[in-house]
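Residues per chain are reported as follows:
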Amino acid sequence: MPVPLVPELRMHRAEAVAPVWFETARWLDDDDADVPFWCVPWAGGQALARYVIDHPEIVRGRRVLDFACGGGLVALAAALVGGHVRAVDVDPLARVATELNAKENRLSIAVTTHDLVGDSLADVDVVLAGDVWYEPGPSARFRRWFRRLARTKTVLTGDSGRPYVPRRARELARYEVPTPFELEARDVRTSRVLAMDPAASRTAEAKAGR
Ligand SMILES: C[S@@+](CC[C@H](N)C(=O)[O-])C[C@H]1O[C@@H](n2cnc3c(N)ncnc32)[C@H](O)[C@@H]1O
């Protein structure tokens, strides 16, 4: 199906998440299986993908990482406008979904499942992260890492109003993104594209608590 805010791209995606979640848990034989994040283009990811397509100069000809790719929407957007893209997600099913979605759009994306948080990403110019600010522990890790990376790279995130989004970030754009009521308990989420500010110094970071 086409992606609501990014109709240039098509994704294998669920109209109803619950049956996919149920089947995934059954297939994995795991009652505690996580939400199948990969079967939905999340609102923050849609906003970031829209922004990248409308501002291709950010990624064209550059080495791009879609961090926490889910179904790979942001990676697809960056590849569509000329980025050299790889994607990472710790969920192996997200890797498969991203590969299928790349194939569907005739795009080439290398996908891995390592936890890269803390890595210096020496071979990356641009880091993109859609809708990752929904849990306190991981969000704190991502935030510290992104601020360090932002000293030498472009680091952008798309956020749909999740609770742990960094306060110190520059808003670049804002979109009204259609969302499934089943997941978000609303039909639209206002979603922002944010540029991460670099870490000024260890002391300033610690003082600000961010
Ligand atoms: C809400 S989904 C967002 C997916 C996609 N970026 C989008 O906007 O549609 C969050 C994703 O973060 C992934 N994730 C969580 N911790 C991660 C980590 N340490 N490294 C890579 N991916 C991670 C999850 O597996 C999940 O696919």
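Residues numbered from 1 in each chain as written. Predicted model: local features only at pLDDT ≥ 70, side-chain atom pairs only at ≥ 80, totals over all residues.

Peer 1: How do you make sense of the overall build of the protein when you look at a structure like this?
Peer 2: Tallying secondary structure elements over the protein gives 7 helices and 9 strands in all. Relative to the 2.2 N^0.38 estimate, which gives 17 Å for 210 residues, the radius of gyration of the protein is 16 Å and therefore close to what a compact globule would have. When its C-alpha atoms are laid out on the principal axes, the protein stretches across 50 × 35 × 30 Å. Counting every position in the protein, which comprises 210 residues, the buried fraction comes to 42%. Taking all contacts inside the protein whose residues are at least 6 apart in sequence as the whole, residues at least 24 apart take part in 70%. (Helix = DSSP H or I, 4+ residues; strand = E, 2+ residues; numbered from the N terminus. Rg over C-alpha atoms; globule rule 2.2 N^0.38 Å. Buried ≥ 20, exposed ≤ 12 C-beta atoms within 10 Å, placed from the backbone. Contact = placed C-beta atoms within 7 Å.)

Peer 1: How do you make sense of the sheet that holds strand β9 (residues 188-196) when you look at a structure like this?
Peer 2: Think of a sheet as strands paired side by side through backbone hydrogen bonds, with each pair either parallel or antiparallel. Ordered by their spatial adjacency, 7 strands build an open sheet running β5-β4-β3-β6-β7-β9-β8, and the pairing between neighbours is mixed. On the outer flanks of this sheet lie β5 (110-112) and β8 (169-178), each paired with one strand and no other. Going across the sheet, the axis of each strand differs from the next one's by a mean of 20°, ignoring polarity. Relative to strand β4 (residues 84-88), strand β3 (residues 63-67) runs parallel, the two sharing 5 bridges. (Pairing = 2+ DSSP bridges. Axes fitted to C-alpha atoms, helices over the stretch in contact; angles between N-to-C directions.)

Peer 1: It is not clear to me how unusual backbone geometry should be interpreted in this structure. Could you clarify?
Peer 2: Across residues other than glycine, the phi torsion is negative in most instances, and most of the peptide bonds are trans. Positive phi, close to 60°, is recorded for Ala68, a residue that is not glycine. Within the secondary structure, Ala68 sits in the loop between β3 and α3 (73-80). Phi angles above zero are rare outside glycine, and Ala185 is one such case at about 55°. Looking at where Ala185 falls in the secondary structure, it is placed in the loop between α6 (181-184) and β9.

Peer 1: Got a minute to help me understand the site of the ligand in this structure?
Peer 2: Around the ligand, the structure places 23 residues, and the nearest of them are Phe37, Gly45, Ala68, Gly70 and Gly130. Only α2 (43-54) and α3 provide two or more residues apiece to the shell around the ligand. In terms of residue class, the shell around the ligand is built from 14 nonpolar, 5 polar and 4 charged. (Near = placed C-beta within 6 Å. Nonpolar A, V, L, I, M, F, W, Y, C, P; charged D, E, K, R; others polar.)

Peer 1: Before we go on, may I ask you to explain α2 in this structure?
Peer 2: In an α-helix, one turn spans 3.6 residues; hence positions three or four apart end up facing the same way. For α2, spanning 12 residues, the distance from its first C-alpha to its last is 17 Å, which sits close to the expected 16 Å at 1.5 Å a residue. Burial analysis of α2 places 10 of its 12 residues in the buried class, which makes it a mostly covered element. (Expected span 1.5 Å × (residues − 1).)

Peer 1: Before we go on, may I ask you to explain the environment of His114 in this structure?
Peer 2: Here His114 shows up in the loop between β5 and β6 (126-130). The spacing of His114 and Asp89 is 25 residues in sequence and 7.1 Å in space, taken between C-alpha atoms.

Peer 1: Please clarify how the pairing of β4 should be interpreted in this entry.
Peer 2: The side chains of a regular strand alternate, residue by residue, between the two faces of the sheet. When you tally the buried positions in β4, you get 4 out of 5 residues, the bulk of the element. Between the parallel pair β3 and β4, the chain is carried across by α3, and the sense of this crossover is right-handed. Two elements, β4 and β5, share 3 bridges in a ladder whose sense is parallel. What sits directly across from Arg86, in β5, is Ala110. On the question of chirality, the crossover connecting β4 to the parallel β5 by way of helix α4 (residues 92-104) is right-handed. (Right-handed = clockwise from strand over helix to strand, strands pointing away.)

Peer 1: Would you take a moment to explain the pairing of β9 for this structure?
Peer 2: Here strand β7 (residues 154-159) runs beside β9; their pairing, made up of 4 bridges, is antiparallel. Paired with Thr157 across the bridge in β9 is Leu194.

Peer 1: It is not clear to me how the nonpolar core should be interpreted in this structure. Could you clarify?
Peer 2: Proteins that are soluble and globular tend to have nonpolar side chains buried together. Judged by nonpolar contacts, the single largest core of 60 residues is most densely connected at Val52, Val74, Ala77, Ala78, Val127 and Leu128. For this core, the leading source of residues is α3, giving 8 residues. In this view, Val74 contacts Gly45, Leu48, Ala49, Val52, Asp66, Cys69, Leu128 and Gly130; residues no more than four positions away in its chain are not counted. (Core = buried A, V, L, I, M, F, W, Y, C linked by C-beta atoms within 7 Å.)

Peer 1: Is there a simple way to think about α4 in this case?
Peer 2: Between the first and last C-alpha of α4 there are 19 Å, a value that for 13 residues agrees with the 18 Å anticipated at 1.5 Å per step. Where α4 is buried, its residues meet α3, β4 and β5. Just downstream of α4, Arg106 is the residue with a positive phi angle, here 55°.

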